[in-house]
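# Fold and contact review
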There are 2 protein chains.
Amino acid sequence: MSGGVTKGVRVTAHDVAKRAGVSQSAVSRVFTPGTSVSPLMAEKVQKAADELGYRPNVLARSLITGRSRIIGLLVSYLENQFYPEALARLSKAFQAKGYRILVFMVSRDEGETDRVVQDLLDYQVDGIVAASVGLSDDVALKCTRSGVPAVLFNRGQGHPDLCEVTSDNRGGARQVADLFVTSGRERIAHISGWSGSSTARERAEGFKERLAERGTCLFAEACGDFTRDGAVGAARRLFNVPRGERPDAVFVANDHMAFAVMDVLRFELKLQIPDEVSVVGYDDVPMAGWPSYNLTTVSQSLDDMVLATVNQLLARIKKEELPATHERLAGRLIRRGSA
Amino acid sequence: MSGGVTKGVRVTAHDVAKRAGVSQSAVSRVFTPGTSVSPLMAEKVQKAADELGYRPNVLARSLITGRSRIIGLLVSYLENQFYPEALARLSKAFQAKGYRILVFMVSRDEGETDRVVQDLLDYQVDGIVAASVGLSDDVALKCTRSGVPAVLFNRGQGHPDLCEVTSDNRGGARQVADLFVTSGRERIAHISGWSGSSTARERAEGFKERLAERGTCLFAEACGDFTRDGAVGAARRLFNVPRGERPDAVFVANDHMAFAVMDVLRFELKLQIPDEVSVVGYDDVPMAGWPSYNLTTVSQSLDDMVLATVNQLLARIKKEELPATHERLAGRLIRRGSA
DNA sequence: TTGAAAGCGCTAACAA
DNA sequence: TTGTTAGCGCTTTCAA
């Protein structure tokens, strides 16, 4: 017989103490890393605990230590494959450090900010990662100000009080501009993301900036709002026009939209990619490598971003009042078949 | 001036009580739904609370009520778009009921079971949803037995002690068999999912069963393990053969694999879909409707599954000891271009 | 309806 | 190294 893990019975440290014939605080010590207990005591307690199926109650512990070992993750939509990927890796990385992720799905609507912040604080999360498109900055700022460290993941406009981990959107977009110009494209367009997002703005700016430096300028532009439907609309507006007015290259602000654009170009407008029009995305989500799309794109090195996020956040959880940092990880152009 | 939400200061019910000139328990009552307080008291307390920026500490509350309002969600990989979709909707649905989702990413490896169960119990989750491919049953069973209700989402083999919400995999697969036979396909193949999963087995069985009833039998079969790489391998084994031995229809156990199969067929083997070979998937993830794939598939009506899951779990959290139920929601064949 | 008091399960001083 | 004691912030009897 291996022990008494019986149905729904809460075994407390007190029960273990009684069975082992020691004090309750001794039990606590045995289960608290970094405390000193004699080998004998450890063994006695461990034995009793095993027999009773005891495990410390994390919530009770949190109450006194002030640490819940829970990280709040703000996400707004998981349609874009980049986010599930990020979620999975963030979750694993935090898990490896003994933290868990509590998910907060938020819509892009305004006004929700305060409710979300309250929710976050109510659960006593130790820190938050804001990967949502909309109200991230606002929420992150409020949390930081109430003493809960926050890191903006894949967004941020250089706010001096906020920690940000992004890719070098400007730099990535510049590489795309170079690719188009160098390969002799002449009517270069851009389909941008949601204008409320810094990521969208930086990609657009870097792209135009570099185009200008190379002596060209943008031929056409439309906003796709980072959604599939938005991108479909933008693609139609840009390409459903007489031949001569049609762009011969388009930089789409993320892969998720780029797939939609390619679908419109190939299936609705019967255009050849990349012969008649080059398409480049941003993110390098797994699907970009699938033969059906084979999308040239800028890689965000998700692993580095995740690593940086985890490190920054945990550092701030351990030691308050670290100054805000802005990490911008280099993006790398991945050349595939679409450009 | 709107209030004193100052940096990192924990405002307790006690502080509010002092400011409002009432007892601490009065404050508690005002913030506990379903207690009786006079309007005057409510107002006084509310005012003081607002001024101080007070919110009850959920963890402390949990300690005494024994309810954390946290649901543990077990997922194994988010590559298959079905799972992020499910995660997003489950999260929203639970959120609407005042619960939050704590994510537990687990790999398909064996042996982890106990660690995962411990983790889950440590966090005092009120219930768990197991959507992971691997150790779901084991984990769910152990949790249920220790008094934490669990629902298996999209898996389950009819275990009498476990709550399950699945789609009618057998029925869905039968519809696919009918489609193939009716449309005159003669060499019908199947690419199956991971054999450790009930979902995979049911889909395979239903398919073969109906084929037999219609007087045919399976021409070829390969296992794709529910992964993209697995599916690529399976497709090659099945189709990279002399013309006459090549299947003219294939039912792939989920959309995620079906996309891989289509990629192999079209880009590596230069086969025409659906002319030379019909492809049907399962799940109806959003991507299935994109023109690049335009995949005929069986729809899982995710919203119904989510609703059922939430209802079952919350019912069990409120009232212990409800008998296990197995909900199998009907699947619907969505005819698109690939078959 | 309200306040006083007990205690949820644990950690962290402090003494021994 | 160990036990004793005092809370963490809250809900919930119990009297008033």
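Cut-off values and rules
- The numbers attached to residues start from 1 for each chain and follow its sequence in the written order.
- As a convention, the first chain written is A and the first ligand written is 1, with the rest following in written order.
- In keeping with the predicted nature of the model, local features appear solely for residues at pLDDT of at least 70, side-chain atom pairs appear and are counted solely at 80 or more, and the whole-chain, interface and lining totals rest on all residues.
- Working from all heavy atoms in the structure, the side-chain values ignore hydrogens and water.
- We define the nonpolar core as a collection of buried residues of types Ala, Val, Leu, Ile, Met, Phe, Trp, Tyr and Cys that are connected through side-chain atoms lying within 4.5 Å of one another.
- Each residue gets one of three labels from its accessible area relative to the maximum for its type: buried under 20%, exposed over 50%, partly exposed in between, using a 1.4 Å probe on protein chains only.
- Working rule for contacts: check all heavy atoms of both residues, and any pair within 4.5 Å makes them a contact.
- Strand pairing is assigned whenever DSSP identifies at least 2 bridges connecting the two strands.
- Secondary structure follows DSSP: runs of H or I at least 4 residues long count as helices, runs of E at least 2 residues long count as strands, and numbering of each begins at the N terminus.
- Fitting a line to C-alpha atoms yields each axis, with helices limited to the stretch in contact; the angle taken between N-to-C directions then spans 0 to 180 degrees.
- The copies are overlaid by a least-squares fit using only the C-alpha atoms of residues whose pLDDT is at least 70 in both copies.
- When describing relative orientation, an angle under 35 degrees is termed roughly parallel and one over 145 degrees roughly antiparallel, while 65 to 115 degrees is termed roughly perpendicular and anything else oblique.
- Left-handed describes a crossing whose near helix is turned anticlockwise from the far helix through less than a right angle; right-handed describes the clockwise counterpart.
- Amino acids outside the nonpolar list (Ala, Val, Leu, Ile, Met, Phe, Trp, Tyr, Cys, Pro) and the charged list (Asp, Glu, Lys, Arg) are all regarded as polar, and Gly is one of them.
- The salt bridge definition used is simple: a Lys or Arg side-chain nitrogen within 4 Å of an Asp or Glu carboxyl oxygen.
- For each residue, the test is whether any non-hydrogen atom lies within 4 Å of the molecule or strand; if one does, the residue is near.
- We call two N or O atoms a polar contact when they sit within 3.5 Å, provided that within protein one can donate a hydrogen and the other can accept it, with sequence-adjacent residues counted only if both atoms are side-chain atoms.

Most often, soluble globular proteins keep nonpolar side chains buried together rather than apart. Of all hydrophobic cores here, the largest spans 133 residues; its most connected members are Phe 94 of chain A together with Phe 94 of chain B. For Phe 94 of chain A, the contacting residues outside a window of four places in its chain are Ile 71, Tyr 99, Ile 101, Val 129, Val 310, Leu 313 and Leu 314 of chain A. By size, the runner-up hydrophobic cluster in this structure holds 46 residues, among which are Val 58 and Val 106 of chain A together with Val 116 and Leu 152 of chain B.

In any sheet, the strands associate via hydrogen bonds between backbone groups, in a parallel or an antiparallel arrangement. Residues and elements named next belong to chain B. Pairing within the open sheet is mixed, and its six strands lie in the order 7-6-8-9-10-12. With one partner strand each, in any of the chains shown, strand 7 (220-223) and strand 12 (332-334) form the two edges of the open sheet. Mean inter-strand twist for the sheet, computed between neighbouring axes without regard to direction, equals 20°. When strand 8 (residues 249-252) meets strand 9 (residues 278-283), the two strands line up parallel, connected through three bridges. Its bridge partner being in strand 9, Ala 249 is matched across the sheet by Ser 278. Along the sheet face, helix 9 (residues 198-213) touches strand 6 (188-192), strand 7, strand 8 and strand 9 and points at about 165° away from the line of strand 6. With respect to the sheet, helix 10 (residues 228-239) is in contact with strand 6, strand 7 and strand 8, its orientation differing from that of strand 7 by roughly 155°.

This part takes up the relation of the copies chain B and chain A. By a simple turn and slide, chain B fits onto chain A: the slide is 0.0 Å along the axis, the RMSD is 0.1 Å, and the turn is 180°. Here the transformation between the copies is reduced to the relation of a two-fold axis. By C-alpha distance to the rotation axis, the residue of chain B lying nearest is Leu 102 of chain B, at 2.2 Å.

Residues and elements named next belong to chain A. For the pair helix 8 (residues 169-182) and helix 9 (residues 198-213), the least separation of the axes is 7 Å and the interaxial angle reads 40°. Here helix 8 lies oblique to helix 9, going by the angle between them. Two packed elements cross with a definite hand, and for helix 8 against helix 9 that hand is right-handed. In this structure, helix 8 contributes Asn 169, Arg 170, Ala 173, Arg 174, Val 176, Ala 177, Asp 178, Phe 180 and Val 181 to the contact, and helix 9 contributes Thr 199, Glu 202, Arg 203, Glu 205, Gly 206, Phe 207, Glu 209, Arg 210, Leu 211 and Glu 213. Its residues placed into classes, the contact of helix 8 with helix 9 shows seven nonpolar, three polar and nine charged.

With that out of the way, let us pick up the pattern of salt bridges. All names here are of chain A. Tallied over the entire structure, the rule returns 43 salt bridges over all chains. One salt bridge in this structure joins Arg 170 and Glu 205, with 2.2 Å as the shortest N-O distance. One end of the pair, Arg 170, is in helix 8; the other, Glu 205, is in helix 9, and 35 residues separate them in sequence. Accessibility expressed as a relative area gives 29% for Arg 170, which makes it partly exposed. On the accessibility criterion, Glu 205 (37% relative accessible area) is partly exposed. Taken together, the salt bridges that share partners define one network made up of Arg 170, Arg 174, Asp 178, Glu 205, Glu 209, Arg 210, Glu 213 and Arg 214.

Right, let's talk about the protein's contact with DNA strand C for a bit. For DNA strand C, the set of nearby residues contains 26 residues, the closest of which are Ala 13, Ser 28 and Arg 61 of chain A together with Arg 29 and Ser 38 of chain B. Counting only the atoms of DNA strand C within 4 Å of the protein, the fraction contributed by sugar and phosphate is 62%. Asn 57 of chain A has a polar backbone atom sitting 2.9 Å from a phosphate oxygen of DNA strand C. Within the side chain of Arg 29 of chain B, an N or O atom sits 2.7 Å from a base oxygen of DNA strand C. Its residues placed into classes, the surface near DNA strand C shows 11 nonpolar, 11 polar and four charged.

Limitation: the analysis is restricted to geometry and does not speak to function.
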